[in-house]
Amino acid sequence: MVSSFCWSCLSRLRPTPRALLPPPAAAPGIAASFHTTSMRYAQPAKKKNSMEGPAKYRQAKSAKMKKKKQVDRARPPAVGERKALRKRIVLSNPNALEVAGMEELSEQTMVDARLRGSVLALPVPMIDQLRAVQAFKPSQGWSIFRRPGTVVRRETLDMGRLINNISTGGQEEGKMFRKIITGVRGSGKTVHLLQATAMAFTKKWVVFSVPEPQELVDAHTGYAPLDDANPSLYVQNAATAALLSRTAIANEEVLKGLKVSQEHPALKSVVKPGMTLDALTRIGIQDPAVAWAVFQALWTELTATAPATSMTKDFTPRPPMLVTLDGLAHWMKNSEYRNTEFEPIHAHDLVFVKHFLSLLKPNAAKPTLPNGGLLLYATSASNTPTVYALEVALKQLEARKAGVKPSDPNYPREDPYSYADQRVIEAFSAPESQSAKDTALEIQTLTGLTRDEARGFMEYFAHSGLLRENVNDEWVGEKWSLAGGGVIGELEKLARRLRVTA
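This write-up is about the structure you can find in this document. (Residues numbered from 1 in each chain as written. Predicted model: local features only at pLDDT ≥ 70, side-chain atom pairs only at ≥ 80, totals over all residues. Heavy atoms only, no water.)

1. Some words on the pattern of salt bridges
Proximity of charged atoms lets side chains of opposite charge pair with each other.
Here is step 1 of the chain: For the coordinates displayed, the defined rule picks out 22 salt bridges.
Here is step 2 of the chain: As a salt-bridge pair, R455 and E459 come within 3.2 Å of each other at their nearest N and O atoms. Of this pair, R455 and E459 both sit in helix α14 (residues 451-463), four residues apart, roughly one helical turn.
Here is step 3 of the chain: Taken together, the shared-partner salt bridges in this structure form one network comprising R153, R154, E155, D158 and R161. (Salt bridge = Lys/Arg side-chain N within 4 Å of Asp/Glu carboxyl O. Helix = DSSP H or I, 4+ residues; strand = E, 2+ residues; numbered from the N terminus.)

2. Description of the environment of P225
Here is step 1 of the chain: Following the sequence through the fold, P225 ends up in strand β5 (residues 224-225).
Here is step 2 of the chain: Sequence-wise, P225 and Q236 are 11 residues apart; in three dimensions their C-alpha atoms are separated by 9.0 Å.
Here is step 3 of the chain: In contact with P225, not counting residues within four places along its chain, are P231, L233, Y234 and V235. (Contact = heavy atoms within 4.5 Å.)

3. Details of the packing of aromatic side chains
Here is step 1 of the chain: A complete count under the given rule lists 14 aromatic pairs for this structure.
Here is step 2 of the chain: Aromatic side chains F145 and Y460 sit 4.8 Å apart centroid to centroid with 35 degrees between the ring planes, which places their arrangement in the tilted category. Of this pair, F145 sits in the loop between α4 (124-132) and β2 (149-151) while Y460 sits in helix α14, and the two are 315 residues apart along the sequence. Side by side, F145 and Y460 carry an identical accessibility label, which is buried.
Here is step 3 of the chain: Relative to F461, the ring of Y460 lies with its centre 6.4 Å away and its plane at 80 degrees, an arrangement referred to as edge-to-face. One exposure class covers both Y460 and F461, and it is buried.
Here is step 4 of the chain: Among the aromatic residues, ring-to-ring pairing joins F208, W292, F295, W299, W331, F352 and F356 into one connected group.
Here is step 5 of the chain: Above the face of the F342 ring, R338 is positioned so that its terminal group lies 4.8 Å from the ring centre. (Phe/Tyr/Trp six-rings, centres within 6.5 Å; stacked < 30°, edge-to-face > 60°. Buried < 20%, exposed > 50% of the residue type's maximum accessible area, 1.4 Å probe, protein only. Lys NZ or Arg CZ within 6 Å of the ring centre and 35° of its normal.)

4. Some points on the sheet that holds strand β11 (residues 438-446)
Whenever strands of a sheet pair, they do so through backbone hydrogen bonds, lying parallel or antiparallel.
Here is step 1 of the chain: Pairing is parallel across the open sheet formed by five strands, whose spatial order is β4-β7-β10-β3-β11. Of all strands in the sheet, those with a lone pairing partner are β4 (206-210) and β11, marking the two edges. The mean angle between the axes of side-by-side strands here comes to 15 degrees, regardless of whether they run parallel or antiparallel. (Pairing = 2+ DSSP bridges. Axes fitted to C-alpha atoms, helices over the stretch in contact; angles between N-to-C directions.)

Here it is, written out as C-alpha cells:
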C-alpha cells in the first residue's frame, strides 16, 4: 500500500539541529555511528606546541625569569660573641625567693660542724674574685636561685679545717697538701674546687687556677720553642699572660701588699726595687713575650722565705697558695701541637703544663710550697679523653693510700701489651718527701650526699620557691635512691623540676 506521505511532505519537515547529533565516527563501519561512549563527548585535545625537542631549549627565556626577592640578612655576630654567649654565667634570678636566715661563707662558718647539710651563700665582694679565676661553670644551676650558694657536706668541712689549720697554726701550719679529686659525673668535683677557692680567698691566700686545661693542648694557642738551649720544650705566651691576668684580678689586694724581694736577671731592665708583685704581674699581661719570665719571677717571689741579700728592706712573709686544676686527663696525652718534624708534641713538653705537673712530686732541694698551701687537681667525668695510663696511675695511687706496696703482687700494674705511657705513670709515682712540710700525694673520691645532707639541700630548693613538695624523710629517701645514692648533680635535676598542684 502506498504511504500517504509524499516526498514533498517529507521535504518540508524541519531539519534536526546539528549540535544535537552525535559527531561522526572516527572508525569506519556502520555500527560505529550508533556507538555512545564517553570518548565521543570528550573535549578535543589541545594542539601541541610545535617548538619541541632541541628547539624549545634554544628559545630565549630571559623574559620569563622571575626576579628573586632580596632577603635582608642579619648582621653576622662579632668575633668572640658566640663564645661569650656560650660561656655566659648568670648568678642571680630575681624571680626566686629570698631564703630567710641564710648564712654566708666566712672564717667561722667554714669550720662549723653544726652547718653540715645547710647551704651557705657566697659573699658578694668575693663574686668578682671567683669570676676572675673562672670558678663558675655555665652548666651549673646558679641562675635558678636568688644568690649563689653551696651546700656544706662532710668533705667541705674537712677542707675548711685543713685550710684553717695551714693558716692559723697547729701541726699542719705551713705544710703543703696534694690531692687528686675523683668521682662519678655530677658528684660535685668542680663545686668542691670552688669551695676551696672561696675559703682560700677568705683566708687571704694567693690562688692560681687553670679552669680549662683542654685549651692548652688543642692547638688554639700560639706556641714557640722555649730557647736555643731547650728546643724540645715549648712556651705558650698567650696562655701564660691569661693566667697572670686571672691571678692579678683575683689576688689584687694581696699582691699589692707584697714587694719584690728577689733578684731576677731575666727581667733586670723592667723589675725595680720596691715594685709590688701586682705591678710585676702587670708587666707580663701587657707584654706576652715576657709572660713566662714574669710568671717564673712571680712564683719565685711567692715561694720565698727570706729576702735576697741586696733586698732586705720591706720584706713581708708570703701567704700560703692554692693551685686548682679542673680536667687533669687532657694533660696526659699528646697535644695537637707539632714540632719541626711534624711529630705530635707531648703535653708534658709544654712548660706551662710541665710546671704545674711538677708540683705533684716533692722537691728534693727544698719544699715545693715552703709557706704552705694546697694542691687540688680534679678529673672530669663529662669532658675527658680516655687515657689508659692515667687510669693505671690513679689505681696505683689509691692502692698506695690503702697501704699496698709496689712490691706486693696485688699492686695494680699496666698491661704489658697496652703500651701505656710511662711518662704519665711516673708523674704520679711520687716518692716520699724528705721535708716535713711536704706531704705525699693522695687521692680523694667524692661520693653522694648523706640523707641528712640531701634533706638540707632539698629544703633549700623549697625555700627558694622551686620545689612545691612536702620535704620529709620518706620523700627525701625516695629521691636519694633515685639520685644514685645522693649524687648531688642528680639531686639537683630532681629538685629543680617545678610541680604545681591544683
